[in-house]
Amino acid sequence: MIQLKNIERYFSNGNVKNYVLRYITADIKKGDFVSIMGPSGAGKSTLLNIIGMLEEPTAGEYYFMETPVHTLSEKQRIALYRTHIGFVFQAYHLLDDLTIYENLETPLMYQNVKASERKARVAEILDRFNMVAKKDLFPAQLSGGQQQLVGIARALIARPQLILADEPTGNLQSKQADEIMHLFQKLNQEEKVTIIQVTHSEKNATYGNRILQLMDGEFMDE
Ligand SMILES: Nc1ncnc2c1ncn2[C@@H]1O[C@H](COP(=O)(O)OP(=O)(O)OP(=O)(O)O)[C@@H](O)[C@H]1O
């Protein structure tokens, strides 16, 4: 599903190149559940953002479902990730001025799903996440854990083939964190959704089937 070939990302500081990522080569298959681990500053979030097409590498080749992402225009990249990728961020990234219902509906509007279908899909996901009673509230009226669940529901509503999660349980209590990891495991095993998560947690990594260890911007041997 994902092939990275010699991906590099550096920031220029005068004439000096500060490498955040270098020699990144990896092959991630459909159905994998990958944990990207490594110390703070190792480049984990940068790598996830590159895989999510939110950031561009400074060199290297990236193929997503056989499409050479490195050759696409920004507009083409946006269309590609909106169709196939669901993002879950630690800081929720919910839209504060929209209700829970409207937050969930937004990705479907990007995909031009028609109104009746949108209504049915939002109702279905609210039900699945036990959030029907919260649908008209705003994000600030929910607890952190509930907001994170809405963030995950929003990532799933467009039925992505790939979920990218950056510290998905970072702000949560351990019970809620376990619930979210169980949900990811279920999606991965039963619905064959490919998952890539950045995590500091050894426990969270045990839910996946593969660990990519980053150190100073480079992979350590698997
Ligand atoms: N715009 C930028 N300009 C310069 N350096 C940057 C920029 N963005 C990121 N970096 C550097 O890239 C390095 C990797 O950052 P990144 O957020 O990917 O690390 P991380 O492994 O996710 O860390 P953490 O676990 O602390 O979140 C850091 O040293 C950071 O300072």
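What you see is a predicted model, and the numbers here were worked out from it, not measured in a lab. (Residues numbered from 1 in each chain as written. Predicted model: local features only at pLDDT ≥ 70, side-chain atom pairs only at ≥ 80, totals over all residues.)

Trainee: Help me understand the sheet that holds strand β7 (residues 162-166) in this model?
Mentor: Across a sheet, paired strands are connected by hydrogen bonds in the backbone, their directions being either parallel or antiparallel. Strand order in this open sheet of six strands is β6-β7-β8-β3-β9-β10, and the pairing throughout is mixed. A strand with exactly one partner marks an edge of an open sheet, and here the two such strands are β6 (85-89) and β10 (218-219). Pairing of strand β3 (residues 33-37) with strand β8 (residues 194-198), which is carried by four bridges, proceeds in the parallel orientation. From the neighbouring strand, Phe33 faces β8, where its bridge partner is Ile195. (Pairing = 2+ DSSP bridges. Helix = DSSP H or I, 4+ residues; strand = E, 2+ residues; numbered from the N terminus.)

Trainee: Would you explain the nonpolar core in this entry?
Mentor: Soluble globular proteins tend to pack their nonpolar side chains together in the buried interior. In terms of nonpolar packing, the biggest core is built from 50 residues, with Ile36, Leu47, Ile163, Leu164 and Ile196 touching the most fellow members. Tallying contributions element by element places helix α5 (residues 144-157) first for this core, with seven residues. The residues touching Leu164, leaving out its near neighbours within four places in the chain, are Leu48, Ile51, Gly52, Ile85, Phe87 and Ile196. (Core = buried A, V, L, I, M, F, W, Y, C linked by C-beta atoms within 7 Å. Buried ≥ 20, exposed ≤ 12 C-beta atoms within 10 Å, placed from the backbone. Contact = placed C-beta atoms within 7 Å.)

Trainee: In this structure, what is going on with the sheet that holds strand β2 (residues 16-28)? I would like to understand it.
Mentor: Ordered by their spatial adjacency, four strands build an open sheet running β2-β1-β4-β5, and the pairing between neighbours is antiparallel. The sheet is open, and its two borders are formed by β2 and β5 (67-68), each paired with just one other strand. Note: strand β4 (residues 59-64) against β5, two bridges, orientation antiparallel. Looking at the pairing, Phe64 lines up with Thr67 of β5.

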